[in-house]
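Now for the letters of each chain:
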Amino acid sequence: MCGVKGLGVRGWLLLGLVTVVVLAATGVWNPFPAMWDWMDRSKPLADPEPVWQQRVGGTPRSVTIAGDTVIVEQRTRVEARSLATGTQLWERKADWAAVAGSDRAPVVAVGKLLDKGYEVLDPATGVVRRRDERAIAVWTYRNLLLDAYCVRPTDCTLRAWDPRGSAPLWSSFLPGVNSGVLADNPELLGTRRLGATRIDGGVAGPESVPPLLGFPVDDRVHVVDTATGRVLQNVEPGREERLAVVGGRLLRIAATSRDGTCQFVLTAVDPATGQQVWRRNGVNLRTADYAGCVQREDPQGARNVVIGVAPDGREAVLDAYDGRLLQVGAEGEKLLAVDDRYALVRSADKGSIIGRELSADRTGWTRPAGGKTGAALTPYAALIAEEKPSRLIAVEPRSGRELVVLRTSANALAVGPNGMIIGEGREIGYVRWGAGAAGVPPPDEGAVPAPDPGDTWRPPTGQGSCGPKNELCADGK
């Protein structure tokens with residue numbers, strides 16, 4: 001009896017542990033699985049909590065909403081989950097994955113690095129719809145899928161496919177596609193999007209294919225009409241030039257060092273005719289690093305607009321097609337996000353975010369925000385990431401009406417018609433519009449936004465017939 005009393009606290013703890021281990025080993029009672037489940041239980045990603053929250057196999061490289069599924073690309077595999085419940089639908093090994101097609105008819109292209117070819121999968125079942133064994137590069141859009149294969153380094157073929165089609169819509173010769181196996185969405189000569197902390201760069205998902213694309217090959221730019229596959233221009237930039245293909249125009253950006261500064265001249269050319277259509281002097285598109293005015297970057301912008309800085313330091317949004325100034329910011333204002341319809345601007349006093357409609361050049365809404373607030377524009381919502389407190393907010397781009405307000409440190413990964421995917425580490429969750437936003441009922445889950453009548457992002461119906469923005473057609477169609 002004295003021996004038992006002399007065990008002390010540590011002795012009793014050790015005796016209890018030994019007893020539990022013996023009971024677990026003999027199958028009488030095993031508390032360890034329940035303890036592990038409690039320790040491993042995920043904390044909610046946000047307040048209000050997501051509709052569902054799941055832990056995926058690895059840290060996502062990209063997440064995309066594809067119809068009724070969520071495609072999660074990881075380092076060596078890709079998996080699909082139900083948008084409604086988050087349950088895994090299928091999984092397979094792949095080094096890269098990219099979504100093409102619209103909300104109603106999406107597909108997933110997958111492949112392996114250093115291996116030619118790719119497969120097009122049904123996002124709901126993972127069934128292979130089409131298989132290719134030659135392509136070395138793939139580009140994915142809402143209304144088109146492009147691939148390229150080469151029989152020799154200087155003899156390549158660019159092909160266009162309907163995302164769910166089984167035969168190419170057109171094919172075109174290219175004298176190369178840079179070098180090596182490039183996998184999904186290699187960089188073309190276009191624009192750089194403005195970025196934001198805690199908002200993934202691919203949050204908007206695939207966009208509609210631009211009317212023209214610029215393929216860099218051996219220090220030259222091949223301008224391809226995406227409606228016909230015709231190569232309109234094969235241009236070599238000048239010594240002080242950088243070329244970009246934006247909004248149906250070939251932009252020639254010249255930067256010359258003079259009097260200790262870089263002097264810029266921006267010229268837009270119609271690739272179909274080779275004629276200059278507009279010109280602006282003194283607009284800095286942020287392509288040069290001021291080390292001898294060498295231009296190493298694409299211009300900033302999105303879709304068919306570019307962002308420039310006037311000599312007085314004010315930021316401006318230009319229509320790349322006709323050179324119009326769609327918006328000129330006030331002194332001290334900072335552009336946070338832009339597309340061809342809207343702009344999100346931080347006020348000069350850094351105390352608010354302003355939403356502006358470019359077509360009318362007017363302020364649509366204003367809301368308070370901190371100096372480190374980031375933002376992004378998607379087809380379905382404008383996203384705002386705030387710090388102190390850490391929040392993610394989605395609003396309607398035109399009116400500023402709140403769609404969702406989350407208290408969370410998670411990142412915004414993907415946006416769809418009715419909600420968004422957020423994530424942190426290996427945890428992802430789906431948030432439906434209306435969570436935390438007072439007075440905003442959830443929209444009809446079956447609703448898909450109709451095409452915006454002001455959206456100019458459509459390839460031309462015929463080469464030179466209506467122009468990239470259909471501006472030459474009398475009926476506007």
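Along each chain, residues carry numbers from 1 onward, in the same order as the chain's sequence is written. It should be noted that, the model being predicted, local features are given only for residues of pLDDT at least 70 and side-chain atom pairs only at 80 or more, the latter also being counted only at that level, while totals for whole chains, interfaces and linings use all residues. With hydrogens and water set aside, each side-chain value is computed from the structure's full complement of heavy atoms.

- As recorded in an unreviewed UniProt entry, the protein chain goes by PQQ-binding-like beta-propeller repeat protein and comes from Micromonospora terminaliae.

1. Section: the overall build of the protein chain
So, point 1. Numbered from the N terminus, helices here are DSSP runs of H or I no shorter than four residues, and strands are runs of E no shorter than two. Helix and strand content of the protein chain: three helices and 36 strands.
So, point 2. A buried classification covers 50% of the 477 residues belonging to the protein chain.
So, point 3. The contact criterion used is simple: two residues touch if any of their non-hydrogen atoms lie within 4.5 Å. By sequence separation, contacts in the protein chain at least 24 residues apart represent 45% of the contacts at least 6 residues apart.
So, point 4. In the structure as shown, the protein chain presents an accessible area of about 22,800 Å², 51% of it carried by carbon and sulfur atoms. We call a residue buried when its accessible area falls under 20% of the maximum for its residue type, exposed when it is over 50%, and partly exposed in between, using a 1.4 Å probe and counting protein chains only. All accessible areas in this document rest on Shrake-Rupley with a 1.4 Å probe, and a residue is counted as covered only by the protein chains that are shown.

2. A look at the pattern of salt bridges
So, point 1. Here, a salt bridge means any Lys or Arg side-chain nitrogen found within 4 Å of an Asp or Glu carboxyl oxygen. Under the counting rule described, the total for this entry stands at 32 salt bridges.
So, point 2. Lys 334 serves as the salt-bridge partner of Glu 315, at 3.7 Å between the closest nitrogen and oxygen. Here Glu 315 is found in strand β24 (residues 315-319), whereas its partner Lys 334 is found in strand β26 (residues 334-338), with 19 residues between them in sequence.
So, point 3. Of the residues examined, Glu 315 reaches a relative accessible area of 7% and is grouped as buried.
So, point 4. Arg 398 is the salt-bridge partner of Glu 357, the closest N and O atoms lying 3.6 Å from each other. Taken together, the positions of Glu 357 in strand β28 (residues 352-357) and Arg 398 in the loop between β32 (391-395) and β33 (402-407) put the pair 41 residues apart, joining distant regions of the chain.
So, point 5. Assessed through its relative accessible area of 52%, Arg 398 is described here as exposed.
So, point 6. Each member of the salt-bridge network shares a partner with another, and the members are Arg 193, Glu 207, Arg 303 and Asp 340.

3. Section: the state of the cysteines
So, point 1. Disulfide: a pair of cysteine sulfur atoms within 2.5 Å of each other. Throughout the structure, instances matching the rule amount to two disulfides.
So, point 2. The disulfide partner of Cys 150 is Cys 156, and the gap between their sulfur atoms is 1.9 Å. Judged by the torsion about the S-S bond (100 degrees), the Cys 150/Cys 156 disulfide is right-handed.
So, point 3. What makes Cys 156 buried here is its relative accessible area of 0%.

4. Notes on the sheet that holds strand β3 (residues 69-73)
Strand pairing in a sheet takes place through backbone hydrogen bonds and is either antiparallel or parallel in direction.
So, point 1. Here we have four strands laid out as an open sheet, ordered β2-β3-β4-β5, and antiparallel in their pairing. Of all the strands in the sheet, just β2 (62-66) and β5 (88-93) have a single pairing partner and so form its edges. Strand after strand, the sheet turns through a mean of 15 degrees between neighbouring axes, direction not considered.
So, point 2. When DSSP locates at least two bridges between a pair of strands, those strands are taken to pair. Across five bridges, the pairing between strand β4 (residues 77-82) and β5 is antiparallel. Looking across to β5, one finds that Ala 80 is bridged to Trp 90. With axes taken as lines fitted to C-alpha atoms, and helix axes fitted only over the stretch in contact, angles between N-to-C directions fall between 0 and 180 degrees.

5. A short note on unusual backbone geometry
Leaving glycine aside, a negative phi is the common case for residues, and trans is the common case for peptide bonds.
So, point 1. Here the residue pair Asp 47 and Pro 48 is connected by a cis peptide bond, since its omega of 0 degrees sits within 30 degrees of zero.
So, point 2. Between Lys 388 and the following residue, Pro 389, the backbone shows a cis peptide bond with an omega angle of 5 degrees.
So, point 3. Along the chain, the position of Pro 389 falls in the loop between β31 (382-386) and β32.
So, point 4. One non-glycine residue with positive phi stands out, namely Asp 219, at about 65 degrees.
So, point 5. Take Asp 219: it is sitting in the loop between β15 (212-217) and β16 (220-225).
So, point 6. What makes Asp 219 exposed here is its relative accessible area of 68%.
So, point 7. Positive phi is not limited to glycine here, since Arg 286 has a value of about 60 degrees.
So, point 8. With respect to the secondary-structure elements, Arg 286 resides in the loop between β21 (275-281) and β22 (301-302).

6. Observations concerning the side chain of Thr 157
So, point 1. Turning to its location among the elements, Thr 157 is positioned in strand β12 (residues 155-161).
So, point 2. For Thr 157, a relative accessible area of 17% corresponds to the buried category.

7. A closer look at the packing of aromatic side chains
So, point 1. Two aromatic rings from Phe, Tyr or Trp, using only the six-membered ring of Trp, form a pair when their centres are within 6.5 Å; if the ring planes differ by under 30 degrees the pair is stacked, by over 60 it is edge-to-face, and anything between is tilted. Applying the stated criterion across every chain, the model contains two aromatic pairs.
So, point 2. Taking 5.4 Å as the distance between ring centres and 85 degrees as the angle between the ring planes, the aromatic pair formed by Trp 139 and Phe 215 counts as edge-to-face. Taken as a pair, Trp 139 in strand β10 (residues 137-140) and Phe 215 in strand β15 lie far apart in primary sequence, 76 residues in all.
So, point 3. The class of Trp 139 is buried, set by a relative accessible area of 2%.
So, point 4. Among the residues examined, Phe 215 registers a relative accessible area of 3% and is labelled buried.

8. Thoughts on the confidence of the model for the protein chain
So, point 1. pLDDT expresses, on a scale from 0 to 100, how confident the predictor is about each individual residue. Confidence in the prediction for the protein chain averages 86 pLDDT; 84% of positions are at 70 or higher.
So, point 2. Note that pLDDT drops below 50 for residues 36-41; the model gives that stretch one contact with residues more than four away or on any other chain.

9. Digging into the side chain of Asp 319
So, point 1. Checked against the element boundaries, Asp 319 lands in strand β24.
So, point 2. Among the polar contacts listed, one links the side chain of Asp 319 to the backbone nitrogen of Tyr 321, at a separation of 2.8 Å. Contacts described as polar in this section are N or O atom pairs within 3.5 Å, which, within protein, must combine one atom able to donate a hydrogen with one able to accept it, while residues neighboring in sequence count only if both atoms come from side chains.

10. A short note on the pairing of β15
So, point 1. Counting buried positions along β15 yields five of six residues, so the element is predominantly enclosed.
So, point 2. Between β15 and β16, which pair antiparallel in sequence order, lie two residues; one of them, Asp 218, sits at a positive phi of approximately 50 degrees.

11. Observations concerning the environment of Pro 175
So, point 1. Of note, Pro 175 is situated in the loop between β13 (170-174) and β14 (183-184).
So, point 2. Sequence separation of Pro 175 and Pro 153 is 22 residues, and the distance between their C-alpha atoms is 7.6 Å.
So, point 3. Leave out the neighbours within four places in its chain, and Pro 175 touches Pro 153, Thr 154, Val 217, Asp 218 and His 222.

12. Description of the nonpolar core
So, point 1. Ranked by internal contacts, the top residues of the largest apolar core, which has 22 residues, are Leu 383, Val 404, Leu 406, Met 420, Ile 422 and Trp 433.
So, point 2. At three residues, β33 tops the list of elements feeding residues into this core.
So, point 3. When sequence neighbours within four positions are dropped, the list of residues in contact with Leu 383 reads Ile 199, Val 203, Leu 344, Gly 374, Ala 375, Ala 376, Ile 393, Ala 394, Ala 412, Val 415 and Met 420. In these notes, a set of buried Ala, Val, Leu, Ile, Met, Phe, Trp, Tyr and Cys residues joined through side-chain atoms within 4.5 Å is what counts as a nonpolar core.

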